[in-house]
Amino acid sequence: MSLVKTFQATVRHRNLIPAGSRVVVGVSGGADSLALLHVLAQLRDQFECELHVATLDHGLRHAAGAADARFVAAVAAAWGLPCTVKGVRLRTNGERGIEATARAARYAFFAEVAAAVGADRVAVAHHADDQAETVLMHLLRGAGLNGIAGMAYDAPLPGYPHLRLIRPLLGVTRAQIEAYCRAQGLQPRQDATNNDPTYLRNHLRLTVLPQLRAINPQVDRALTQMAEVAQTERDYLDQALLTTITPHVLREDGRVWLPSRIFRELHPALQRRWVLWAAVQVRGAADAISYRQVVTAVEVALSDRVGGIAELAGGLRLRVDYDAVVIEAADAPNDEADRPLLEPGRIIALHVPGVTQIDSRWQLHATQVAAGSPRAQADDLQARLVIPAGAAVILRSRRPGDRFAPLGMQGHTQKISDWMIDHKVPQRL
């Protein structure tokens, strides 16, 4: 099957570009991204989509990088496509190398361009050979199922979960791409750093994979097949995890909670997946979290040591609460700061009707309405109670054994503690 037909089948089968989409296309000027842009430009009317080219000069190759960016801009103009060009100067830190830093910079740039032009997806030119290299690289690093699964055709853009990252060429080989460029008369730019064996990916492509092909000529297919199997099994585990936790999980600003009881009942494989899943909910990505960090986090979670903390990469941590396991951003706002909490034992007489000052920030407003009158618009800080006329009303914290009769229970009572558990109120609150 030709590259174009494979491309069309992939996009259609996986619904990578729904009609009406606006797509940011990441283009470096190399053969892979130039072929991607050329095919998309030819098929944009068929796919009923709009394209916007984005190219980033990382500042790593100085004049050559700037020339590549100018080349992409010229190609986009010649093909009648809008283009955004940006240059940056990358700085690495102790947590990640230059490749990871450059990748994060690209994703941030793509998200910036998508926001500016109203796009909902970003297309990049990863292909089948890239997939084989990625799987092998992850195997060498001791990755788990997520790593072995390699790259997906369609996934959230790391760090920006509201955007889709699509890879329409993932089923196409490098040889097919190079043949397509020759047939179409395309003249891609050559990046000299692609031949630098000091980068792990280049070393695998230039040295290791050729040696493996001498042992098994089909090693590239074997690696991509392993990725396909791992993706299917990963998706099944994710589905099993969500089926189990969805009725119990609680999301707050910068935090995800799961009752400790539910966490302990999960299979060890799902306990580890929950750590990664929750990290994605908080940060949008979990790529930087290592296997050892996940294992340590699970061990801390199972220790039941209230206040226990396991540090995770990306400014995240796991914390053991009184009755829950929490994945949170280390800089998340104090989840008690914006709640009107009373000190144990304090009692406040309420003015009904009237306004009662709770503390320097909080007031309680009480009004009286006739029985059966329409209910006001409810929110988290509003309640409607049935009380005897003229009764004295006080505000205090819960005491063991307190009960009330919730609406709809025909006068039957329920423990307030049970109601709080049902509504996932953290025990310390």
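Further up the page is the structure itself.
A brief report on the enclosed structure follows. (Residues numbered from 1 in each chain as written. Predicted model: local features only at pLDDT ≥ 70, side-chain atom pairs only at ≥ 80, totals over all residues. Heavy atoms only, no water.)

**Examining the packing of aromatic side chains**
Taken as a whole, this structure holds four aromatic pairs when the rule is applied. Ring geometry for Phe 109 and Phe 110: centres 6.0 Å apart, planes at 40°, overall tilted. Accessibility assignment for this pair places Phe 109 and Phe 110 in one class, buried. Relative to Trp 274, the ring of Phe 263 has its centre 5.8 Å away and its plane inclined at 75°; by these criteria the two rings are edge-to-face. With Phe 263 in helix H10 (residues 260–265) and Trp 274 in helix H11 (residues 268–283), the pair connects residues that are 11 residues apart, well separated along the chain. When sorted by exposure, Phe 263 lands in the same class as Trp 274, which is buried. Looking at Arg 14, its charged tip hangs above the ring of Tyr 153, at a distance of 3.7 Å from the centre. (Phe/Tyr/Trp six-rings, centres within 6.5 Å; stacked < 30°, edge-to-face > 60°. Buried < 20%, exposed > 50% of the residue type's maximum accessible area, 1.4 Å probe, protein only. Helix = DSSP H or I, 4+ residues; strand = E, 2+ residues; numbered from the N terminus. Lys NZ or Arg CZ within 6 Å of the ring centre and 35° of its normal.)

**Notes on the sheet that holds strand S11 (residues 324–329)**
In space, the five strands of this open sheet follow the order S7-S8-S11-S10-S9, with antiparallel pairing throughout. The open sheet is flanked by strand S7 (250–252) and strand S9 (309–312), the only strands paired with a single partner. The sheet shows a mean angle of 15° between the axes of neighbouring strands, direction not considered. Summarising the sheet, strand S10 (residues 316–320) and S11 pair through five bridges and their orientation is antiparallel. Bridge pairing in S11 places Val 320 opposite Val 325. Packed onto the sheet, H11 meets S7, strand S8 (255–259), S9, S10 and S11 and runs at close to 40° relative to S11. Contacting S9, S10 and S11, helix H12 (residues 291–302) runs over the sheet at an angle of about 165° to S9. (Pairing = 2+ DSSP bridges. Axes fitted to C-alpha atoms, helices over the stretch in contact; angles between N-to-C directions. Contact = heavy atoms within 4.5 Å.)

**Focus on the side chain of Arg 167**
Looking at where Arg 167 falls in the secondary structure, it is placed in the loop between strand S6 (160–166) and helix H7 (174–184). On the accessibility criterion, Arg 167 (7% relative accessible area) is buried. Residues contacting Arg 167, with those up to four places away along its chain left out, are Tyr 107, Val 124, His 126, Met 151, Ala 152 and Tyr 153.

**Considering helix H1 (residues 3–14)**
Counting along an α-helix, one turn takes 3.6 residues, and residues three or four places apart therefore face a common direction. Between the first and last C-alpha of H1 there are 16 Å, a value that for 12 residues agrees with the 16 Å anticipated at 1.5 Å per step. Contacts made by the buried residues of H1 are with helix H2 (31–47) and H7. Following H1 by one or two positions, Asn 15 adopts a phi angle in the positive range, close to 50°. (Expected span 1.5 Å × (residues − 1).)

**A short note on H12**
The end-to-end C-alpha separation of H12 is 17 Å, in line with the 16 Å expected for 12 residues at 1.5 Å each. All of the buried residues in H12 are Val 294, Val 295, Ala 297, Val 298, Val 300 and Ala 301. For H12, the elements touching its buried residues are H10, H11, S9, S10 and S11. Once H12 finishes, Asp 304 follows within two positions and takes phi at roughly 60°, a positive value.

**As for the pattern of salt bridges**
Summed over the entire model, instances satisfying the criterion amount to 19 salt bridges. A salt bridge links Asp 331 to Arg 283; the nearest nitrogen and oxygen atoms lie 3.6 Å apart. Here Arg 283 lies in helix H11 and Asp 331 lies in the loop between S11 and strand S12 (348–349), a separation of 48 residues in the sequence. Overall, the relative accessible area of 61% leaves Asp 331 in the exposed class. Under the relative-accessibility criterion, Arg 283 is labelled partly exposed at 34%. In this structure, Glu 328 engages Arg 319 in a salt bridge whose closest nitrogen and oxygen atoms are separated by 2.8 Å. Each member of the pair, Glu 328 together with Arg 319, is buried. Salt bridges linked by common partners bring Asp 129, Asp 130, Glu 133, Arg 174 and Arg 201 together as one network. (Salt bridge = Lys/Arg side-chain N within 4 Å of Asp/Glu carboxyl O.)

**Side note on the packing of helix H5 (residues 128–140) against helix H9 (residues 219–245)**
Closest axis-to-axis distance for the H5/H9 pair is 8 Å, and the angle between their directions is 75°. It follows from the interaxial angle that H5 and H9 lie roughly perpendicular. Contact residues: Ala 128, Asp 129, Gln 131, Ala 132, Val 135, Leu 136 and Leu 139 in H5; Asp 220, Leu 223, Thr 224, Met 226, Ala 227 and Gln 231 in H9. Here the contact of H5 with H9 is built from residues that sort into eight nonpolar, three polar and two charged. (Parallel < 35°, antiparallel > 145°, perpendicular 65-115°, else oblique. Nonpolar A, V, L, I, M, F, W, Y, C, P; charged D, E, K, R; others polar.)

**Some details on the side chain of Asn 202**
Locating Asn 202 in the fold gives a position in helix H8 (residues 200–215). When residues no more than four places from it in sequence are discounted, the contact partners of Asn 202 are Thr 193, Asn 194, Asn 195, Asp 196, Pro 197 and Thr 207.

**Some thoughts on a nonpolar patch on the surface**
On the surface, a cluster of nonpolar side chains totalling about 280 Å² of accessible area is made up of Val 352, Leu 385 and Ile 387. Residue placement: Leu 385 occurs in the loop between strand S14 (363–366) and strand S15 (394–395). (Patch = residues over 30% accessible without salt bridge, like charges linked within 9 Å, V, L, I, M, F, W, Y side chains within 5 Å. Areas by Shrake-Rupley, 256 points an atom, 1.4 Å probe, with all protein chains shown as cover.)

**Re the nonpolar core**
Core analysis: the largest hydrophobic core is formed by 37 residues, its most contacted members being Phe 7, Ile 17, Val 25, Leu 36, Leu 40, Leu 169 and Ile 177. Of all the elements in the fold, those that place two or more residues in this core are H1, strand S1 (22–26), H2, strand S2 (50–57), helix H3 (63–78) and H7. (Core = buried A, V, L, I, M, F, W, Y, C linked by side-chain atoms within 4.5 Å.)

**A few points about the pairing of S14**
Bridge count for strand S13 (residues 354–357) against S14 is four bridges, and the pairing is antiparallel. Looking across to S14, one finds that Gly 354 is bridged to Ala 366. Linkage of S13 to S14, two consecutive antiparallel strands, is achieved through a turn of five residues.

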